[in-house]
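Descriptive structure summary
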Amino acid sequence: AEVFVVFAHDRLIAAGSTAIPNVAEFAGATASRATTNHVTTNRAELWLRDAVKQPVTVRATGERVVVPLVYGRGDIAFHVADVVDASVGAHRWTVYVAPDGTPLLRARRTMHGAGTLQFDVPVRHPASTRMLAPAVRANAMVNGNAIVSDLDAQITWTGNADSTVVPSATGELVEVIDAAGVPATASLVGTNGGVTSWSVASDANADAQLTAYVFGMIGKTRARAMHPTLTWLDQKLRIFVNESGVCNALSTGDDLHFFGGGAQCENTARIADIVLHEFGHSVHLQSHLASDEPELALREGIADFFAANITGDSGVGRGLAFDDAPIREIDPVGSELRFPDDVSGVPHTTGLIIAGALWDLRTALIAELGELAGIAATERIYVGVLEHAIDLESSYLAALLGDDDDGDLGNGTPHRCAIEAAFAAHGLVPDFETTAFGTPIVDGRRISITVTPPAATACSRPQITGVDLTWEVAGTTETIAMTTTAAIGEVATYVGELPALTAPTVVTYQLVAHADDGNDVTFPQNPADPRYQLFVGTATPMFCDPLDAQPAWRETGTPAWEWARPFARAGDPPVTFTGEAFLGTNIQGSGQYPADTSTAITTQVIDASGYADVHLQFRRWLTVEDRALDRAAIAINGLTIWENATELDHVDREWRFVDLPVPSGELAITWSIEADATTELGGWNLDDICVVAFDAPAIEPPDDGGCCASTQNPASIVLGVGVLGLALRSRRRATRRGASRATLRAACRAGRSRP
């Protein structure tokens, strides 16, 4: 403090002091320098080095002062402190240290030029918007001197004049290595107090290096906040970019590797989600506590969530195919994946089960706690899954362990109900009782479904509040609320009725059940083919094969077609639609269709002449990747009439009725799959195949039914009742009016064209 006096007009007119009043005592006032000097600089150096993460040089000035520390309004403590001068590169610091060596306060003195270093990178992918991201802890040469940017991406140099900055895509915590040996570089101008921006957007290989560095650092920063005790994060992460190959990337559990771009895929290091996904793999394997490695599906789901949690977007991998479509959606509307129903031979697909559970938990906790607290709580639970889960089945218990706050799961955990609800929605809570949906029933124009609520428990369970029926015919769409006489929470049968329709016609329809937690359940549960088909009217069968015996059809390409009973592998059906067996690709063995090849099967020539309105009708259970990767198709005489969707895997969960218009005349029908080299699903499964005419005389069903009809009402033959695995077990056959029933019955069994 200082005492001051003021003179004016040749006399003293005021006196005062800068001292703080009412100072009772100083902490450490009696300590002597002789007993404390040897610890003063040592502890100051350690404290500052830990804060700035750089080497520190310290020097005791010999000055002793009184430092007021203000903790709040009226809460001031006075400390005797020794002054230490410290330097960190071009930075200068003053550190105040208590006589016992405890650091009290530090202040940076800027005696140099300083600016911010930023890298221009895509927000998500090269076709998205771009951003200037802080180049944190990045190496650079400034005026010929090697420096490292600080945690605020600040770079410094001696003097206040402009500087020459040569940045690099490597730093203290992340090292980006270009496979071609051409590290990105530039010569830029740094201005005191300004921003130095580095952009190489037009150079894909250089842009891959900058993007990998930025999102490698973002991943490290976020992982450190999630898992502060993970010491592996202190090591330098090596990221290899522009490697040979396309459409892929990998983590070794430590290093990351990214392939260059090609005609089909973007350079994977330029995709933010993919960099974060692969880094998520490394964080997972470094965090895992069990001696056995976690299963692949768990690892893929964990990595997808890591990326989605940082971007805040449930669509993962946008930009890989040069557009904004995700390669995986971990929160698909109305078609959440469940364990064990959706377990397949594809780890990325099966992993969506745990990724979806974690995303639903994140959404619920944000709604309950607010965004920042909700995400923080989710990340603590997520770390529990990283550390303790070894497979999907163990993920629920691992989540509870991550949430536990007192070492006693018996008294619950802070967010047990939210965890239970999110994980149960994906089938991950053992013995969990939830809402049960009965098999939808079609009776003429009436469609009904029974909903059974769960029993009451300590954690409330979602209740169905209503079911909508949407149908479309001849370009007109209508939605109605199905009706029930039951109250919410009671067993309820919801009923809806289609309008009177002009037969024959094909109706498409969908059921959507609404729950009080905001989650809808949609039937059918296949976003790639989201509507059932229903045929209403009468039809003339020209060819029917119920596939009760192995058909003598022509197979081309790689042999893969089998007539067999169900084995339920790789997403294949657990039951036939009718009879004892069906036709499909590799039903036995792994259940997967062959990789990196094509396979097809073609019927004999079918005579469909004499009719103008001819349709192919059959039952299908198909699982195949999206068409950009694997193509499933149906052709008539070599011309494609149907193929699977792009951007979405086609995954049937039930036997689906299919009606496709076909030309009249002689027909040869082909079902085929063309597969790439990786990730194969269950493929085609076929049952009850018919070629029928809509413009023929009405059918008079025999007493025992018919192979092409699915109702005993001759006025309204309904062919499309394939809802939720509904399998009409009675053998069905059909005859033309006046034809020999015995002859057509034999034709159905033999699978030959009508006489």
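Now for a quick tour of the structure. (Residues numbered from 1 in each chain as written. Predicted model: local features only at pLDDT ≥ 70, side-chain atom pairs only at ≥ 80, totals over all residues. Heavy atoms only, no water.)

**Comments concerning helix α4 (residues 296-311)**
Rules: Comment: elements are numbered from the N terminus, with helices defined as DSSP H or I runs of at least four residues and strands as E runs of at least two. Expected span of a helix, by definition, is 1.5 Å for each gap between consecutive residues, and there is one gap fewer than residues. Think of it in three bands: residues with accessible area under 20% of the maximum for their type are buried, residues over 50% are exposed, and the middle band is partly exposed, with areas taken using a 1.4 Å probe on protein chains only.
Over its 16 residues, α4 runs 23 Å from end to end, which matches the ideal 22 Å to within 8%, given 1.5 Å per residue. Of all 16 residues in α4, 14 are buried, a share of seventy percent or more. One or two steps after α4, the chain reaches Gly312, where phi turns positive at roughly 75°.

**A look at the packing of helix α8 (residues 395-403) against helix α9 (residues 416-424)**
Selection rule: To get an axis, a line is fitted to the C-alpha atoms, and for a helix only the part in contact is used. The angle between two axes follows their N-to-C directions and goes from 0 to 180 degrees. By definition in this entry, angles of less than 35 degrees are roughly parallel, angles greater than 145 are roughly antiparallel, angles of 65 to 115 are roughly perpendicular, and the rest are oblique. The hand of a helix crossing depends on one turn: near helix anticlockwise from the far one by less than a right angle means left-handed, and clockwise means right-handed. Two residues qualify as a contact provided that any one of their heavy atoms is within 4.5 Å of a heavy atom in the partner residue. Three classes are used, and their members are as follows: Ala, Val, Leu, Ile, Met, Phe, Trp, Tyr, Cys and Pro are nonpolar, Asp, Glu, Lys and Arg are charged, and the others, Gly among them, are polar.
The interhelical angle for the contact between α8 and α9, taken along N-to-C directions, is 160°, at an axis separation of 10 Å. When the axes of α8 and α9 are compared, the pair comes out roughly antiparallel. With respect to the hand of their crossing, α8 and α9 are arranged in right-handed fashion. Residues Ser395, Tyr396, Ala399, Leu400 and Asp403 of α8 pack against Arg416, Ile419, Glu420 and Phe423 of α9. Split into classes, the residues belonging to the contact of α8 with α9 amount to five nonpolar, one polar and three charged.

**Some words on the environment of Val521**
Assignment of secondary structure puts Val521 in strand β28 (residues 520-523). Between the C-alpha atom of Val521 and that of Val467, which follows or precedes it by 54 residues, the distance is 9.2 Å.

**What about α9?**
Listed as buried for α9 are Ala418, Ile419, Glu420, Ala422, Phe423 and Ala424. Tucked inside the fold, the buried residues of α9 contact α6 (352-369), α7 (371-388) and α8.

**Here we look at the nonpolar core**
For clarity, the cut-off: Put simply, a nonpolar core is a bunch of buried Ala, Val, Leu, Ile, Met, Phe, Trp, Tyr and Cys residues held in one set by side-chain atoms that sit within 4.5 Å of each other.
By size, the foremost hydrophobic cluster in this structure holds 90 residues, and its most contacted members are Phe119, Ile239, Phe258, Phe279 and Phe423. Not counting residues up to four positions away in its chain, the partners in contact with Phe423 are Ile354, Ala357, Leu358, Leu361, Ser395, Tyr396, Ala399, Leu428 and Val429. Listed in part, the 35 residues of the second largest apolar core include Val346, Ile601, Ile634 and Val691.

**Remarks on the state of the cysteines**
Basically, it comes down to this: Working definition: a disulfide is two cysteine sulfur atoms within 2.5 Å of each other.
Counted according to the given criterion, the structure contains three disulfides. Note on cysteine connectivity: Cys247 is disulfide-linked to Cys265, with sulfurs 1.9 Å apart. Judged by the sign of its S-S torsion, about 100°, the cystine formed by Cys247 and Cys265 is right-handed. Linking Cys247 in the loop between β16 (237-243) and β17 (249-251) with Cys265 in the loop between β18 (256-259) and α3 (272-287), this pair joins segments that are 18 residues apart in sequence. The exposure class of Cys247 is partly exposed, given its relative accessible area of 29%.

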